[in-house]
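Structure at a glance
As a plain string of letters, each chain reads:
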Amino acid sequence: SSDLLLPCFLRAAQLLGADELDVVELGPSGGLNLVWDRYRYAYEAGEWGPADAALRLSGAERSPIPARLLELAPRVRRRVGIDLRPIDVTTDEGARLLQCFVWAGQERRLEQLRRAIEVVRSSPPELIEGDIGEELPRVLQDRPTIVFQTAVFGYVDDETVQSVRATLSEPGRPLAFVSAGGGRTGEVAWGMRIFRPGHDREFVGGPAEAPQVIQCH
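Residues numbered from 1 in each chain as written. Predicted model: local features only at pLDDT ≥ 70, side-chain atom pairs only at ≥ 80, totals over all residues. Heavy atoms only, no water.

Topic: the overall build of the protein chain
- A count of helical and extended segments in the protein chain gives 5 helices and 10 strands.
- In the protein chain, buried positions account for 48% of the 217 residues.
- For the protein chain, the proportion of contacts with a sequence separation of at least 24, taken over those separated by at least 6, is 68%.
- A total accessible area of about 10900 Å² is found for the protein chain, and carbon and sulfur atoms account for 46% of it. (Helix = DSSP H or I, 4+ residues; strand = E, 2+ residues; numbered from the N terminus. Buried < 20%, exposed > 50% of the residue type's maximum accessible area, 1.4 Å probe, protein only. Contact = heavy atoms within 4.5 Å. Areas by Shrake-Rupley, 256 points an atom, 1.4 Å probe, with all protein chains shown as cover.)

A few points about the pattern of salt bridges
- Under the criterion given, the structure shown has 13 salt bridges.
- Across the pair glutamate 126 and arginine 78 runs a salt bridge whose closest N-O atoms are separated by 3.5 Å. Pair noted here: glutamate 126 is in strand S6 (residues 126-129) and arginine 78 is in strand S5 (residues 75-83), with a separation of 48 residues, a long-range link.
- We note a salt bridge from arginine 138 to glutamate 135, for which the minimum N-O separation is 2.9 Å. Of this pair, arginine 138 and glutamate 135 both sit in helix H4 (residues 132-139), 3 residues apart, which is roughly one turn of that helix. (Salt bridge = Lys/Arg side-chain N within 4 Å of Asp/Glu carboxyl O.)

Quick word on helix H2 (residues 92-99)
- Within H2, burial applies to Gly94, Ala95 and Leu98. Down the axis of H2, the buried set is contained in an arc of 100°. They therefore lie on one face. Exposed residues lying more than 90 degrees from the buried face of H2 are Asp92, Glu93 and Arg96.
- Close packing links the buried residues of H2 with helix H3 (107-122). (Arc of directions from axis to C-beta.)

Section: the environment of isoleucine 132
- As for its position among the elements, isoleucine 132 is in helix H4.
- Residue class for isoleucine 132 comes out buried when judged on its relative accessible area of 5%.
- As for isoleucine 132 and glycine 81, which are separated by 51 residues in sequence, their C-alpha atoms are 9.2 Å apart.
- Other than its neighbours up to four places away in sequence, isoleucine 132 contacts Leu26, Gly27, Ile82, Val152, Phe153, Thr160 and Val164.

Quick look at the sheet that holds strand S4 (residues 56-58)
- Spatially, the 3 strands line up as an open sheet ordered S3-S2-S4, and their pairing is mixed. Both edges of this open sheet fall to strand S3 (46-48) and S4, since each of them pairs with a single strand only. The mean angle between the axes of side-by-side strands here comes to 20°, regardless of whether they run parallel or antiparallel.
- Where strand S2 (residues 40-43) and S3 come together, 3 bridges link them in antiparallel fashion. Among the inter-strand pairings, tyrosine 43 is bridged to a residue of S3, identified as glycine 46. (Pairing = 2+ DSSP bridges. Axes fitted to C-alpha atoms, helices over the stretch in contact; angles between N-to-C directions.)

So, in structure tokens, the structure goes:
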């Protein structure tokens, strides 16, 4: 969820030296994670995000988030999601479809989803219909950008994953790639790879039994 992604995004902005970012999600869930900066987050070290946010997120920390990260406030210039069949939660049909994926009895989760949908509806991100391997090069601009995926690599073939990685590895682009999972290998991992012009590639993260925020410091 976004409370796991936020530390990665803030650290990426820090390493890229960027006060303003583009954000691109591969396989967005209706764009809910693309509006991550419009939610309120509560960590042991403090809170982050708009005080009047419609959705407040918190969770167990296996290792505390550094307080210095929560002092950062990068702006998002552009939000783009790429999906073969993007879900448009600004429509009643799209909103109902996402809500159908919540298990019966999970009332708190359902309420959080409804609040997130309202946040998206207030100013929807751009959703592009197409293959992530083909569309990613067309979306990227020569600006500090975070590209991320939280599940889609487990549902596409290896050729598509390699195509995405090849695009991300092209020299000269100031990119951060935040990823969860190792595609069809069965490996579960959370991590962040930074591509900065004139610097070696940097990786923060590693294998884990489950996604953990501690690997994104």
